[in-house]
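An overview of the molecular structure
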Amino acid sequence: MVLLLLASIPFCIWLWWLDKQVVSRFEGQKWQVPSEVYSAPLVLKDGAPWRKEDLEQVLLDYGYRFGKNSQKVGWAARSKTKVSANLRDYMDHTGYHSAARRVFSFSGGVLNIQDISGKRYRTAVLEPQKIGYLYGGNTENRDILVYEEIPQSLIDILTITEDRDFFTHHGISLTGIARAAWVNATSGARRQGGSTLTQQLIKNMFLSSERTYSRKVTEVLMALLLEYRYSKQEIITAYVNEVYLAQEGSSALHGFAAASEFFYGRPLKELNLAEQALLVGMVKGPSLYNPRRNPERAMQRRNVVLDLLYQQGRLTQGNLNALKKLPLKVAPEGKRRSVYGDFLDLVAMQLEREFDASSLASENLKIYTGLDIRAQKAALHAMQNRVSELEKQKKGLLGLQGAMVVTDRLSGQVRAVVGSSDKLYSGFNRALGAVRPIGSLVKPSIYLTAIASGRYTWWDKLEDKPQQFKVGNAIWQPQNYDRVSHGKVPMYEALAKSYNLATIDLASQLGFERVAQTLRDLGVKRPFTMYPAVALGSIELSPFEVARLYQPIASTGSAAELGVVLSVMDQNGKVLKRFDQTGSVPYTKEALSVTLAGMTKSPEIGTARAAQGQLPGLRFAAKTGTTNDQRDSWFVAITNDYLSTVWLGQDDNAPMNITGSSGAQWVWIDFAKLLPQQSLPKALPSGANYYQVTSDEFELAADRCDDKVELAFIEGTQPKSSTSCLWPF
């Protein structure tokens, strides 16, 4: 007895150590799971421009299914003129949002939102979408579920297929071992294993795949300890989240929830029995039964699982036959391939200042952003297609690169980021890292300086003629792009047609240091030295910085900074951090809105006429930009919905044969066609107004006057006299 007792001491120590291993993994954070990043909810607005086919595609992209089960959440139906959808519920930092059924019609090209009783609604909301993981250093993708979120049908299929005695055994199943031995003996091959779900979980979480007696003994002991320590619900929840089911690029895909999104593009709870049976069947051999690579083998395995359900009395013969006839219908392989890599760079950059890397990499935080999925996809598609077209049309553009930043006009939330024109994520985010001269994009800041001073109006004349400036020991003499001087021109025309000489005349009148201060006031944080050439765009900024420069003008002062992350929540739904945009600019709403109104002349008479020709019903503000030797092509557009900034150029800064008008402008045209937008409102705030002014004299013009122009003025700066345009008798 003494010898037996002494011999048991090492075993007890080993057993104690195994118990510590089990507990340490199951207590607190069970998995090292990277933080999940979500888009903004998609708000569908009554009266907004929508096409029926666009909404149908959005619903499909969000994983909604069209069919006869349209009364279920996650399903939709369509007729020739309408679309109805049972919208999912969701929870984010703003609270819980319940599911709702809505009917959409498209009279006159705009969206009408109702419920099934005909009651009108101002909005309908599609839930935020997961767009990626942050700091997934463990190269694993998981979607973590709690027990209440696991469909009971999946639990039934899983236990019937893998471990029928799961809810009655204590970690190992003697009947399961006996059954497997009998099947293997009678079939002459190893067709069934005796491992329980608990043993499989232990093997997946703690042990290697080697087949030795010592590993099997360890597995059995740890399974018994796990069953002693934890409930069946906790164990099967861990299994559902842990089991390996596929490889997604370089990442191992774990858990049934992630597999559901990967193979079907929908939440696990929305899968039918046949789809759940396929995923459970893949447990036996994820690569062997991958439905994309081996569809016939996957179909056979699915049907084997369905047969087991029938044998256990869970299906009738009719249901079995109907389910077996269903095709696999897996989502296209590229469905989960991220188009959000560039945006995630921006998210990471912001959160690095607020959270340590280990928390972001392991604590499964929920990060909610302002990304607009439609805008992101449209921007990426427009950039890739237009760059490809330009490379074919014009010599010397092979390897042309681009970047695009789209923000919400009023809030400043970043809605889309494209950092490359490449088909795949390149790793170099030009939206953040391509710091290039901005050319004529600097000009609206100068005209804002003039308007805000109260001493200038859009009617005032500037001298568009050659001037010389002494810079150090050198003489700098700017030129217009067309090498032509235009004499005296009104300010609105000088900006619309992007005259360099008229603009440098204005900047010199205002004072170059005052212009520099405006740039800093509008958000330029990058240090720069003010030379006269800066007033014509020699200042170097990234596309993201240009978007921030324009945001106060686009929002008329409502947003002085750009927003990326809205909030961070832990996995229990507690808000850890809210990000509120702060900041202001020292310019009145009147001055900013009058400046924005002046920018609408560019599509009317200036360098953005091509965009207006392609989008005749859209009122928008715009500015083109081209740098020396056509090394950079820029375009900024402002609609009621978005501020869009586009850059094209070569990574080696080589000259090109495109301008802002012939290059970047066409990327935005394609974007605006893919994503219909609302016109910029013409209304001005109190303290500003539109007036008709004669072209030659600073007088208010009557409607009958022929030679007149409508311009925005800060009240008090408009002409004091007027003319009726009648000849005196």
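The text that follows walks through the structure, step by step, so that each part is easy to find. Bear in mind the structure is a predicted one, so any value in this text is a computation, not a measurement.

A word on the overall build of the protein chain
Along the protein chain, the regular secondary structure elements total 24 helices and 32 strands. Looking at the protein chain as a whole, 53% of its 729 residues qualify as buried. In the protein chain, of all internal contacts separated by at least 6 residues, the share reaching a separation of at least 24 is 67%. A total of about 32800 Å² of accessible surface is found on the protein chain, and carbon and sulfur atoms cover 52% of it.

Quick notes on the pairing of strand 10 (residues 123–126)
Side chains of strand 10 alternate between two faces, with Ala124 and Leu126 buried and Thr123 and Val125 left unburied. Inspection of the sheet shows strand 2 (residues 42–45) paired to strand 10 by four bridges, in the antiparallel sense. When the bridges of strand 10 are listed, Val43 appears paired with Val125.

Regarding a negative patch on the surface
A contiguous patch of negative charge on the surface is contributed by Asp696, Glu697, Asp706 and Asp707. Inspection of the secondary structure puts Glu697 in the loop between strand 29 (688–694) and strand 30 (700–701). What makes Glu697 partly exposed here is its relative accessible area of 48%.

Structural notes on the sheet that holds strand 8 (residues 100–105)
On the basis of which strands lie adjacent, the open sheet formed by five strands has the order 3-4-5-8-9 and mixed pairing. On the outer flanks of this sheet lie strand 3 (65–66) and strand 9 (112–114), each paired with one strand and no other. Across the sheet, helix 2 (residues 52–61) lies against strand 3, strand 4 (75–78), strand 5 (82–87) and strand 8, angled at about 25 degrees from strand 5, the strand it touches most.

Concerning the state of the cysteines
Inspection of every chain in the model, using the stated rule, returns one disulfide. Across a sulfur-sulfur distance of 1.7 Å, Cys705 and Cys725 are joined as a disulfide pair. On the S-S bond that ties Cys705 to Cys725, the torsion sits near 105 degrees, and the link is right-handed. Placement of the pair is Cys705 in the loop between strand 30 and strand 31 (708–714) and Cys725 in the segment after strand 32 (722–723), with a sequence separation of 20 residues.

Some details on the nonpolar core
By size, the foremost hydrophobic cluster in this structure holds 116 residues, and its most contacted members are Leu44 and Leu351. At seven residues, helix 20 (residues 543–554) tops the list of elements feeding residues into this core. Residues contacting Leu44, with those up to four places away along its chain left out, are Trp50, Leu55, Phe104, Leu111, Ile113, Arg122, Thr123, Ala124 and Leu126. Among the nonpolar cores identified, the runner-up in size contains 50 residues, and Leu253, Ala258, Tyr264 and Leu271 belong to it.

Concerning the pattern of salt bridges
Counting across every chain of the model gives 24 salt bridges. Between Asp46 and Arg120 there is a salt bridge, and its shortest N-O distance comes to 2.8 Å. Highlighted residues: Asp46 in the loop between strand 2 and helix 2 and Arg120 in the loop between strand 9 and strand 10, separated in sequence by 74 residues. For Asp632, the salt bridge identified is with Arg436, shortest N-O distance 3.1 Å. Taken as a pair, Asp632 in strand 27 (residues 632–638) and Arg436 in strand 18 (residues 436–437) lie far apart in primary sequence, 196 residues in all. There is no split in this pair, since Asp632 and Arg436 are both buried. Residues joined in a network through salt bridges with shared partners are Glu36, Lys130 and Lys366.

A closer look at the sheet that holds strand 26 (residues 621–626)
The strand order across the open sheet formed by five strands is 17-16-28-27-26, and the pairing between neighbours is antiparallel. Of all strands in the sheet, those with a lone pairing partner are strand 17 (414–418) and strand 26, marking the two edges. In this sheet, adjacent strand axes meet at a mean angle of 5 degrees when their direction is disregarded. For strand 16 (residues 401–408) and strand 28 (residues 642–649), the ladder comprises eight bridges, and the chain directions are antiparallel. Directly across from Thr407, in strand 28, lies its bridge partner Leu643. On the sheet, helix 14 (residues 373–393) packs against strand 16, strand 17 and strand 28 and is oriented at approximately 30 degrees with respect to strand 17.

Observations concerning helix 3 (residues 152–162)
The element helix 3 is extensively covered by neighbouring structure, given that eight of its eleven residues are classed as buried. Residues Leu154, Ile155, Ile157, Leu158, Thr159, Ile160, Thr161 and Glu162 constitute the buried set of helix 3.

A word on the environment of Leu126
Looking at the element boundaries, Leu126 is found in strand 10. In this structure, the C-alpha to C-alpha distance between Leu126 and Ala40, residues 86 residues apart in sequence, is 9.2 Å. Aside from chain neighbours lying at most four places away, what touches Leu126 is Pro41, Leu42, Leu44, Val58, Leu59, Tyr62, Tyr64 and Leu87.

So, helix 16 (residues 443–453)
Here helix 16 lies mainly inside the structure; nine of its eleven residues are buried. All of the buried residues in helix 16 are Lys443, Pro444, Ser445, Ile446, Tyr447, Leu448, Thr449, Ala450 and Ile451. One or two positions beyond helix 16, positive phi appears at Gly454, with a value near 80 degrees.

With respect to unusual backbone geometry
Positive phi, close to 60 degrees, is recorded for Asp629, a residue that is not glycine. You will see that Gln630, though not glycine, has its phi angle at about 55 degrees, which is positive. As for its position among the elements, Gln630 is in the loop between strand 26 and strand 27. Since its relative accessible area comes to 18%, Gln630 is described here as buried.

The rules we used
Residues numbered from 1 in each chain as written. Predicted model: local features only at pLDDT ≥ 70, side-chain atom pairs only at ≥ 80, totals over all residues. Heavy atoms only, no water. Helix = DSSP H or I, 4+ residues; strand = E, 2+ residues; numbered from the N terminus. Buried < 20%, exposed > 50% of the residue type's maximum accessible area, 1.4 Å probe, protein only. Contact = heavy atoms within 4.5 Å. Areas by Shrake-Rupley, 256 points an atom, 1.4 Å probe, with all protein chains shown as cover. Pairing = 2+ DSSP bridges. Patch = residues over 30% accessible without salt bridge, like charges linked within 9 Å, V, L, I, M, F, W, Y side chains within 5 Å. Salt bridge = Lys/Arg side-chain N within 4 Å of Asp/Glu carboxyl O. Lys, Arg positive; Asp, Glu negative; His and termini not counted. Charge placed at Lys NZ, Arg CZ, Asp CG, Glu CD. Axes fitted to C-alpha atoms, helices over the stretch in contact; angles between N-to-C directions. Disulfide = S-S within 2.5 Å. Core = buried A, V, L, I, M, F, W, Y, C linked by side-chain atoms within 4.5 Å.

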